[in-house]
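Structural overview
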Amino acid sequence: MLRLHPSAIDDVIIGIYFVVVLGIGFIARLFIKTDLDFFLSGRSLPAWITGLAFIAANLGALEILGQAANGAQYGVAAVHYYWIGAVPAMVFLGLFMMPFYYGSKVRSVPEYLRLRFNEAAHAFNAGTFAIATVLISGVNLFALALIIHLLLGWSIALAILIAAALVLVYITLGGLTSAIYNEVLQFFIIVASLLPLTLVALHSVGGWDGVKQRVRAFKPLGEHGLHAWQGLGIHHVTNPLASDWVGVVFGLGFVLSFGYWTTNFAEVQRALSAKNMSAARRTPLIGAYPKIFLPFIIILPGLIATLTVHGLGGSSINLQYNTAIPHLIGTFLPEGMLGIAITGLLAAFMAGVAANVTSFNTVVTYDLIQAYFAKDRDSAFYLRAGRFVTIGGILISVLTAFIAKGYSNIMNYIQTLFSIFNAPLFATFIIAMFWKRATAWAGFWSLVAGTAAAYATNRLAAYHEIFHFGSALSASFWQAIIAFIAGGVVLVLVSLVTKPKPEEELRGLVWGLTRKEEREEHADPRDKLWWRSPWLLGGVAIGILVVLNIIFI
């Protein structure tokens, strides 16, 4: 059984990390005066802080275990999750969508839907988002518990409770500010732990040339395991993803990717906490750069693990693809570095849980409690409510953590959730943002139709009725495509037979209908410097992507 034996030095490193995390929570509490401070950091943070927090919020189980598991199972093709399935959408968010979010002064994504459509669409999205958030938070909790169980021998149930308690304390104390500053710290710890692990593991197999030789001889992958774009032909799929280019490009690269990065409030919330419009737009663009290079310290170690760990991918919990990174840690890292690596994993999973919990408490407090159950209360009431909602979110996440336990590759589970909850929202969002004719009730029925279509496809595929996909991963791609089409068609058809809102009500919410000139709050003259241009930052990021995709074609 996989088991590590940390030394006293390692225990001290882990202990120091916990003290610092909780210390940030106590310090952040001193600056929490209003509900806006608790939920959105008073909209006061600089772009480099929000940019790193933006990417760190995603560096939970979704990345460290899930993407390493994809590297182990699918090889180089797993880079699609970054170079097609993330960065282009992050650039789009910064360039095109943040002006709507930040400029309309909304406090959440569902609140934007209330302004663009109506309360029915708002309530539906707030409810489904709350459900999705605690499910994803549960994934991160389970992943953290799995690591503690495998490395330290604690039971999974006990590890889930301890991890949940730690996150609960620092979020309840310091709200989003505590989460964001911890996420910046966690980002650097994660890189400091994974980079040396990757270099040592890569050296052990003879460098990149050694990896290529071993992959070619490794039957589950073979030559196709070294390429991102080969074997994607329709009706002639030979790549490890078991999906053709339509599923990869449109399912993952468009619907799932844009649906997650542009409408998922767990990410958008970090940009909304920025101090001005320029900082808000640059938040996802700054985060795009580390995202481009993360495959080299997450996907690559997973690929090396499948070549060096005998039986990886088996049914035993100790040999699930999810354990690729822990196996490498146990094999290659000495005392001291072992403590940093374990701390990096703890930091990653706590960041993932915190990101979802802070977005959960904001949406539930503002978009459900304030909007429908307790209107026009004072700031102190909503601050207290937010702290109680945080406790409730953590407790529900503990329960949902056991759902994730049944998946040997948690990325497959995550993608299923995204296809059901994010893909329908994106269809509604993107059409309504660029088509002023989209009506209020069309938005609501579009959300309902897309969500229902995705769930129905999932169930029919699970029972092999009507739909037969090559893999669970391919199924999530096509679920997203079907949800997008269903939601988009319903949005257009219902819009054509219902009355749209007056243009005056849509100013600042639809492309081409700008608000009357307003003086921007907290404007910074330095934002006019050429190297702070959002268009330059986005263009360079896309250019790097093109080069990398050509290299690994």
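Residues numbered from 1 in each chain as written. Predicted model: local features only at pLDDT ≥ 70, side-chain atom pairs only at ≥ 80, totals over all residues. Heavy atoms only, no water.

Quick notes on the overall build of the protein
Let me state the cut-off plainly: Helix and strand definitions follow DSSP, with helices as H or I runs of at least four residues and strands as E runs of at least two, each counted in order from the N terminus. What the globule rule says is 2.2 Å times the number of residues to the power 0.38, and the radius of gyration is computed from C-alpha atoms. Any residue under 20% of the maximum accessible area for its type is buried, any over 50% is exposed, and the rest in between are partly exposed; the area is computed with a 1.4 Å probe on protein chains only. By definition, residues are in contact when any of their heavy atoms lie within 4.5 Å. Positive charges come from Lys and Arg, negative ones from Asp and Glu, while His and the chain ends are left out of the count. Lysine's charge is taken at NZ, arginine's at CZ, aspartate's at CG and glutamate's at CD.
In terms of regular secondary structure, the protein is built from 23 helices and two strands. Relative to the compact-globule value of 24 Å for 553 residues, the protein shows a C-alpha radius of gyration of 22 Å, a close match. The dimensions of the protein, computed from C-alpha atoms along their principal axes, are 65 × 55 × 50 Å. By residue count, 63% of the 553 residues in the protein fall in the buried class. Expressed as a percentage of contacts within the protein between residues at least 6 apart in sequence, the contacts between residues at least 24 apart total 83%. Here the protein holds 34 positive side-chain charges and 26 negative ones, and the gap between their average locations is 2 Å.

Structural notes on helix α17 (residues 379-404)
Test applied: What a helix should span is 1.5 Å times the count of its residues minus one. The term bend refers to the angle at a residue between two fitted axes, each drawn through seven residues, those ending there and those starting there.
Relative to the 38 Å expected for 26 residues at 1.5 Å per residue, α17 spans 37 Å between its end C-alpha atoms, a close match to the ideal helical length. V398 marks the point of greatest bend in α17, at about 25°.

Looking at unusual backbone geometry
Even without a glycine there, the phi angle at A242 is positive, about 60°. Relative to the assigned elements, A242 resides in the loop between β2 (236-237) and α11 (245-263). The exposure class assigned to A242 is partly exposed, which follows from its relative accessible area of 25%.

Considerations on the nonpolar core
Convention followed: Residue types Ala, Val, Leu, Ile, Met, Phe, Trp, Tyr and Cys, when buried and joined through side-chain atoms within 4.5 Å, form a set referred to as a nonpolar core.
In terms of nonpolar packing, the biggest core is built from 184 residues, with I64, Y101, I298, F349 and F429 touching the most fellow members. Among the elements that make up this core, the one with the highest residue count is helix α9 (residues 156-204) (20 residues). Discounting chain neighbours no more than four positions away, the residues touching I298 are L59, E63, I64, Q67, A68, Y82 and L194. By size, the runner-up hydrophobic cluster in this structure holds five residues, among which are F38, F39, Y366 and L383.

Thoughts on the packing of aromatic side chains
Let me state the cut-off plainly: In summary, the pairing rule links any two rings of Phe, Tyr or Trp, Trp by its six-membered ring, whose centres are within 6.5 Å, and it sorts them by plane angle into stacked for under 30 degrees, edge-to-face for over 60 and tilted for everything else. Here, a charge over a ring means that NZ of Lys or CZ of Arg falls within 6 Å of the ring centre while also lying within 35 degrees of the ring normal.
Within this structure, the stated rule accounts for 29 aromatic pairs. Pairing F296 with F552 gives two aromatic rings, centres 6.4 Å apart and planes at 55°, and the pair type is tilted. Residue F296 is located in the loop between α13 (277-293) and α14 (299-308), and its partner F552 is located in the segment after α23 (534-551); the two are separated by 256 residues in the primary sequence. Under the relative-accessibility criterion, F296 is labelled partly exposed at 31%. Taking relative accessible area as the criterion, F552 reaches 18% and is therefore assigned buried. By way of ring pairs, the aromatic residues F92, F96, F100, F254, F258, F426, F434, F484, W511 and W535 are connected into one cluster. Positioned above the aromatic ring of Y366 is the side chain of R107, whose terminal nitrogen or guanidinium carbon lies 3.8 Å from the ring centre.

As for the pattern of salt bridges
Let me state the cut-off plainly: Note on definitions: salt bridges are taken to be side-chain nitrogens of Lys or Arg within 4 Å of carboxyl oxygens of Asp or Glu.
Scanning the entire structure with this criterion turns up seven salt bridges. Of the charged contacts, one joins E183 and R270 as a salt bridge, the two residues approaching to 2.7 Å between their closest N and O atoms. Pair noted here: E183 is in helix α9 and R270 is in helix α12 (residues 265-272), with a separation of 87 residues, a long-range link. As far as burial versus exposure is concerned, E183 and R270 are alike and both buried. Here R507 makes a salt bridge to E504, at a shortest N to O gap of 3.2 Å.

Describing the side chain of S446
Along the chain, the position of S446 falls in helix α20 (residues 440-462). Ignoring any residue separated from it by four or fewer positions in sequence, one finds S446 in contact with T428, G487, G488, V490 and L491.

Things to note about a nonpolar patch on the surface
Applicable threshold: Like-charged residues within 9 Å of one another, or nonpolar side chains (Val, Leu, Ile, Met, Phe, Trp, Tyr) within 5 Å, are grouped into patches, provided each residue has over 30% relative accessible area and no salt bridge. Values of accessible area rely on a 1.4 Å probe in the Shrake-Rupley scheme; residue burial ignores everything except the protein chains shown.
There is a patch of nonpolar side chains on the surface, built from I485, V489, V492, L493, L496 and V497 and spanning about 550 Å² of accessible area. In this fold, V492 is placed in helix α21 (residues 472-496).

Here we look at the environment of D11
For D11, the position within the fold is in helix α1 (residues 8-29). Sequence-wise, D11 and L173 are 162 residues apart; in three dimensions their C-alpha atoms are separated by 25 Å.

What to know about the environment of A440
Among the structural elements, A440 can be located in helix α20. Classification of A440 by relative accessible area gives buried; the value is 14%. Setting aside residues no more than four positions away along its own chain, A440 makes contact with F117 and N118.

Some remarks on the packing of α13 against α23
The criterion, for reference: Axis angles are defined between N-to-C directions and span 0 to 180 degrees, where every axis is a line fitted to C-alpha atoms and, for a helix, only to the segment in contact. In these notes the angle categories are as follows: under 35 degrees is roughly parallel, over 145 is roughly antiparallel, 65 to 115 is roughly perpendicular, and the rest is oblique. Crossing handedness is read from the near helix: turned anticlockwise from the far helix by less than a right angle, it gives a left-handed crossing, and turned clockwise, a right-handed one. Note on residue classes: Ala, Val, Leu, Ile, Met, Phe, Trp, Tyr, Cys and Pro are nonpolar, Asp, Glu, Lys and Arg are charged, and everything else, Gly too, is polar.
For the pair α13 and α23, interaxial distance at closest approach is 9 Å and the crossing angle is 20°. Classed by the angle they form, the pair α13 and α23 counts as roughly parallel. Crossing angle aside, the handedness with which α13 passes α23 is left-handed. The residues of α23 that touch α13, namely those facing R281, R282, L285, Y289, I292 and F293, are P534, W535, L536, L537, G538, V540, A541, I544, L545 and L548. Looking at the contact of α13 with α23 residue by residue, the class counts come to 13 nonpolar, one polar and two charged.

Concerning the packing of α11 against helix α19 (residues 423-434)
One can describe the packing of α11 onto α19 by two numbers: an axis separation of 8 Å at closest approach and a directional angle of 80°. What the angle tells us is that α11 and α19 run roughly perpendicular. Between α11 and α19, the residues in contact are F254, V255, F258, G259, T262 and T263 and A423, L425, F426 and F429, respectively. By residue class, the composition of the contact of α11 with α19 is seven nonpolar, three polar and no charged.

Some words on the side chain of H122
Counting through the fold element by element, H122 comes out in helix α8 (residues 119-152). Those residues in contact with H122, other than ones at most four positions away along the chain, are P110, E111, R114, D367, A371 and Y372.

Considerations on the environment of G210
Along the polypeptide, G210 turns up in helix α10 (residues 207-217). Separated by 94 residues in the primary sequence, G210 and I304 have C-alpha atoms spaced 9.9 Å apart.

Structural notes on the confidence of the model for the protein
For clarity, the cut-off: Each residue carries a pLDDT score, the predictor's confidence in it, ranging from 0 to 100.
Across the protein, the average pLDDT comes to 85, with 94% of residues at 70 or higher. Confidence, read as mean pLDDT per element, is least for helix α2 (residues 35-40) in the protein (78) and greatest for α23 (95).

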